Amino acid sequence: MPEVQTLPDGVKNVHIMGIGGTAMAALAGVLVDAGYTVTGSDGNKVYPPMSDYLARIGVAPMEGYEASNLDHKPDLVIVGNVVRAVYPEAEALLASDIPYMSFPSLLGARFIAEKRCIVMAGTHGKTTTSAIASWLMESAGKNPGFLVGGVMANFDRTARAGGGNHFVIEGDEYDTAFFDKGPKFLHYRPTTAVLTSIEFDHADIYRDLDHCKESFLKLVSILPEDGCLVARWDDDAVADVASNAACEIRRYGPGQTWDGRIEDVDTQRGVMRFSVLEAGKVFGTFETQMVGEHNLYNQVAITAALAREGITPAQLAEGFSSFRGIKRRQEIVGEPGQVTVIDDFAHHPTAVDVTLEALRLRFGGRRLWAIFEPRSNTSRRNVFQEAYAAAFSAADLVIIAEPTNLERIPPAERMDAGALVDSLRSRGQEAWVWPDADAIAAQVAANAQPSDVIAVLSNGGFDGIHRKLIKLLERRFLVP
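Note that the structure is a prediction, hence the values are computed from the model and not measured.

K.L.:
Residue-level account of the packing of aromatic side chains, with values.
P.N.:
Going through the model one piece at a time under the given rule, you end up with 14 aromatic pairs. Taken together, a centroid distance of 4.5 Å and an interplanar angle of 45° make the contact between Phe 146 and Phe 155 tilted. One exposure class covers both Phe 146 and Phe 155, and it is buried. Their ring planes at 85° and their centres at 5.1 Å tell us that Phe 178 and Phe 179 sit as a pair that is edge-to-face. A connected cluster of aromatic rings, assembled from ring pairs, spans Tyr 100, Phe 178 and Phe 179. One residue, Arg 232, lies across the ring of Tyr 297, its end atom 4.5 Å from the ring centre.

See below:
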């Protein structure tokens, strides 16, 4: 049966291919909430936090994309963009009479169509802005629907349909599915869009920065005339794209109509007090646990977007102060022996840089380790080899995991982890390349000292390195 664009009548059982991804697991939760029976498969073992989330909603992922995963004959299959047409499960689907669609198509048609949708887009900050905005709307009593690429502590979930008039969603520029190569955010019917940044990323599908900008131009083009674009105006690529908008533009960033300033940072509590300025006047002063200059402007963007929806400074203050964070965004996952272990999703060199700078601000002069797994399709390529050498400057010690799964990347295009370490050492930093999570956990646990901060940076499970590291640190510091 061909791809469908709307939910067929009579669907009760939905199967999700690629369910271990943050967005796909989020979709599973929305479907369960809506009364559907959900099954799912993934190419690899699913790690926390998504495995824990799926367990809570009663979904046990099938491991491997096998044709037999469809033996139970679901009424509808949702295909994630990690799935390739040559996988046995995909081949079996295409040969069957089971209807299928992408998850952005399903979201747009089934859960977003009648709501005021706020799309958080950009190379960086999508998860943070969509998560905080969702909680601020909830705290203000708006009962929004949302889909966020991370588990929020306030909700302990990544998505819901919501009963209010708003839907907040993380708008990804990556392609939709093997049968739909347009970016996901084109399915989300935005009323308001936030553009945090535009850089070259996703080197497996985009040629260069101009190619990336083409997708964001398409997003701007579908904003209604009575909509709003909140744009980071000191980002030249954003300003270039946003200038094509036919709707209201709210410019934010240093020196823009919407600006912000850090008032102080409490390194003991790990919180930041900041002010948002509108046209040079203080719109509101807030407290947040999302620390750092990049998070300052993420929260300025949120303020500009939600103020247009009628959320008051007092409501924003309550929401910011009660927001408890996002898993995998500066998340403290353990503190054995007074060693603070942080999990963060940062993988693009800009994200690595601003995350480590934020951690330096948050934890002051404590010794900072950075453990980096080059796992994304971009980070395993050498397109950002030199940029990574500069991205770790805030760290005292840097460990690079040897990249894996390089078969589909030509040898001349692969990241050279050894050369990266040499570059870091030439800058005066202590740096090493180690082969895998087990070796890294063993070396770091043996050399860490109380009060150290260890930041693990990866956009994947990293073979459970956090649990391995914490277990070894507990054995060293806590076992008599």
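What follows picks up the thread again.
K.L.:
Could you give an account of the packing of helix H5 (residues 126–139) against helix H8 (residues 293–307), naming the residues involved and the relevant values?
P.N.:
Orientation of H5 relative to H8, taken along the N-to-C sense of each, is 45°, at an axis distance of 10 Å. As far as their axial angle goes, H8 and H5 are oblique. Note on packing geometry: the crossing formed by H5 with H8 is right-handed. Listed contacts from H8 to Thr 128, Thr 129, Ile 132, Ala 133, Leu 136 and Met 137 of H5 are Asn 295, Asn 298, Gln 299, Ile 302 and Leu 306. Taken together, the residues of the contact of H5 with H8 sort by class into six nonpolar, five polar and no charged.

K.L.:
Report on the sheet that holds strand E2 (residues 37–42), specifying residues and quantitative values.
P.N.:
Read from one edge to the other, the open sheet built from five strands follows the order E3-E2-E1-E4-E5, with strand pairing classed as parallel. Strands with a single pairing partner mark the edges of an open sheet, and in this sheet they are strand E3 (62–63) and strand E5 (100–102). Here strand E4 (residues 76–79) pairs with E5 via three bridges, running parallel. The residue bridging Ile 78 from the neighbouring strand is Met 101, located in E5.

K.L.:
A description of the nonpolar core should follow, citing residues and the corresponding values.
P.N.:
Where a protein is soluble and globular, its nonpolar side chains tend to be buried together. Core analysis: the biggest nonpolar cluster contains 56 residues, and Ile 78, Leu 107 and Leu 229 have the highest contact counts within it. Counting residues per element, this core draws most heavily on helix H1 (residues 22–33), which supplies eight residues. Beyond its immediate stretch of four places on either side in the chain, Ile 78 contacts Val 14, His 15, Ile 16, Met 17, Met 24, Leu 27, Met 101, Ser 102, Phe 103 and Leu 106. Grouped together as the second largest cluster of nonpolar side chains are 38 residues, Met 120, Trp 135, Leu 136 and Phe 286 included.

The rules behind each value
- Residues numbered from 1 in each chain as written.
- Predicted model: local features only at pLDDT ≥ 70, side-chain atom pairs only at ≥ 80, totals over all residues.
- Heavy atoms only, no water.
- Phe/Tyr/Trp six-rings, centres within 6.5 Å; stacked < 30°, edge-to-face > 60°.
- Buried < 20%, exposed > 50% of the residue type's maximum accessible area, 1.4 Å probe, protein only.
- Lys NZ or Arg CZ within 6 Å of the ring centre and 35° of its normal.
- Axes fitted to C-alpha atoms, helices over the stretch in contact; angles between N-to-C directions.
- Helix = DSSP H or I, 4+ residues; strand = E, 2+ residues; numbered from the N terminus.
- Parallel < 35°, antiparallel > 145°, perpendicular 65-115°, else oblique.
- Left-handed = near helix turned anticlockwise from the far one by under 90°.
- Contact = heavy atoms within 4.5 Å.
- Nonpolar A, V, L, I, M, F, W, Y, C, P; charged D, E, K, R; others polar.
- Pairing = 2+ DSSP bridges.
- Core = buried A, V, L, I, M, F, W, Y, C linked by side-chain atoms within 4.5 Å.

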